[in-house]
Amino acid sequence: ARELALLYLALLFAAVALGALRWPIVAVDTDLWYHLNAGRQIAADGAIPTSAFFSFLRPSPDWLDYYWLTQLGLYGVHALGGPVALVLLRAVLALGTLGFALALLRTGRTPESLPWGAFVFTLAGLFVLERFTAIRPHAASYLLIAVFLYLLESRRALWALPPLAIAWVNLHGIEYPVMELILGAYLAEAVLARVGAAPETRAASPRALAPILLAMLCVLATPHGPALLATPFTPVSFAGQYIEELRPVDPASLFLLSQTGLLVTQTTLRSLLLLLAAVACLASLRRATLRPAHLLLLAGGSVLLLRMQRFSIEFILLALPLLGAFRPPSLSL
């Protein structure tokens, strides 16, 4: 089963890589053209815009450009290699996210658990891939979520967290609550382990806590300073009238199973992963193996999921540590 799972994963990655390299930049992705023009504006002016100058709202409202670094980067990549360079960049972001997600599922696991990890990875990968059909700032956030989770779960290269945090809050600053959730979950678990309140978790050394604390403070390391802190909590009910992904999730749809022909829909994939996460959480709690960090990540991801539709990907990625640590009964024998 292990050899078959490895062969399957290799073929799956090859298929995804081929698809990512062949998927064109499509004209309907209006967000990309906005970001390219904003990057050109930043490069020309040498300053970050303070008004939503490409908005259809008039007069143009005040604007905190929380993804200015992504815009500048996209413009630079396009200037170097045109649409082909953007396709390559998108492929790197997608494959990097999937690669770290798979590494996360395999962190500290036994070879016998590989088929389970391959199953979870397939569901999560197919769900996440849909958001990589376009190249936008959220792609950087998805990659960094997977990277942060992998580093914290494996306790490797923790001093890479602060510079990565600085990059994150400038690439897609509005996503900083997710970064703080990840860092805070593992910090809280480390503190509980130090005082003996989390016996199932190996206690981290005080030196390991320093980069986590420093990374949490990096939310202020943007040109906007403290002004960024309130941005994610700005009401979006008006924008939700014309942007579907900003609308709240219908709780009834969370467990809806559907398909189109032989293809399983995104809604079904999300429902299956949500069900697996719930089962893994309850079973781990019953076995007394549920780690505090995994519980906090799942709880925070659930809050995000219920807030609006666009956070479905964040929920799936945040549930991966719990799903990776879980062992179905047949794998526990």
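Anyway, here's the lowdown on the structure attached to this text. (Residues numbered from 1 in each chain as written. Predicted model: local features only at pLDDT ≥ 70, side-chain atom pairs only at ≥ 80, totals over all residues. Heavy atoms only, no water.)

### A few points about the environment of Trp116
Move 1: Mapped onto the elements of the fold, Trp116 is located in helix α4 (residues 114–129).
Move 2: Classification of Trp116 by relative accessible area gives buried; the value is 11%.
Move 3: Trp116 sits 211 residues away from Arg327 along the chain, and the two C-alpha atoms are 7.9 Å apart. (Helix = DSSP H or I, 4+ residues; strand = E, 2+ residues; numbered from the N terminus. Buried < 20%, exposed > 50% of the residue type's maximum accessible area, 1.4 Å probe, protein only.)

### Looking at the nonpolar core
Move 1: Within the largest apolar cluster, 86 residues are counted, with the highest numbers of intra-cluster contacts made by Ile145, Phe148, Leu152, Leu161, Ile182, Leu183 and Leu320.
Move 2: Broken down by element, the residue count for this core peaks at 12 residues, all from helix α5 (residues 137–154).
Move 3: Excluding residues within four positions of it along the chain, Ile182 makes contact with Ile145, Phe148, Leu149, Leu152, Trp168, Leu297 and Leu318.
Move 4: Membership of the second largest hydrophobic core comes to seven residues, among which are Leu32, Leu74, Leu86 and Val87. (Core = buried A, V, L, I, M, F, W, Y, C linked by side-chain atoms within 4.5 Å. Contact = heavy atoms within 4.5 Å.)

### Here's the deal with the pattern of salt bridges
Move 1: As enumerated under the stated definition, the model contains three salt bridges in all.
Move 2: A salt bridge links Arg136 to Asp31, with the nearest nitrogen and oxygen atoms 3.8 Å apart. Placement of the pair is Arg136 in the loop between α4 and α5 and Asp31 in helix α2 (residues 30–45), with a sequence separation of 105 residues.
Move 3: Given the relative accessible area of 32%, Asp31 is considered partly exposed.
Move 4: Here Glu153 and Arg291 are joined by a salt bridge, their closest N and O atoms 2.9 Å apart. One end of the pair, Glu153, is in helix α5; the other, Arg291, is in the loop between α9 (266–287) and α10 (292–307), and 138 residues separate them in sequence. (Salt bridge = Lys/Arg side-chain N within 4 Å of Asp/Glu carboxyl O.)

### Observations concerning the environment of Leu36
Move 1: Its location among the elements puts Leu36 in helix α2.
Move 2: Here the alpha-carbon distance between Leu36 and Gly76, two residues 40 residues apart in the chain, equals 8.8 Å.
Move 3: Once you skip the residues sitting within four places of it in the chain, Leu36 turns out to touch Leu74, Tyr75, His78 and Leu86.

### Some details on a nonpolar patch on the surface
Move 1: On the surface, Leu21, Val84 and Leu88 cluster together to form a nonpolar patch covering roughly 290 Å² of accessible area.
Move 2: Mapped onto the elements of the fold, Leu88 is located in helix α3 (residues 68–106).
Move 3: You can call Leu88 partly exposed: its relative accessible area is 45%. (Patch = residues over 30% accessible without salt bridge, like charges linked within 9 Å, V, L, I, M, F, W, Y side chains within 5 Å. Areas by Shrake-Rupley, 256 points an atom, 1.4 Å probe, with all protein chains shown as cover.)

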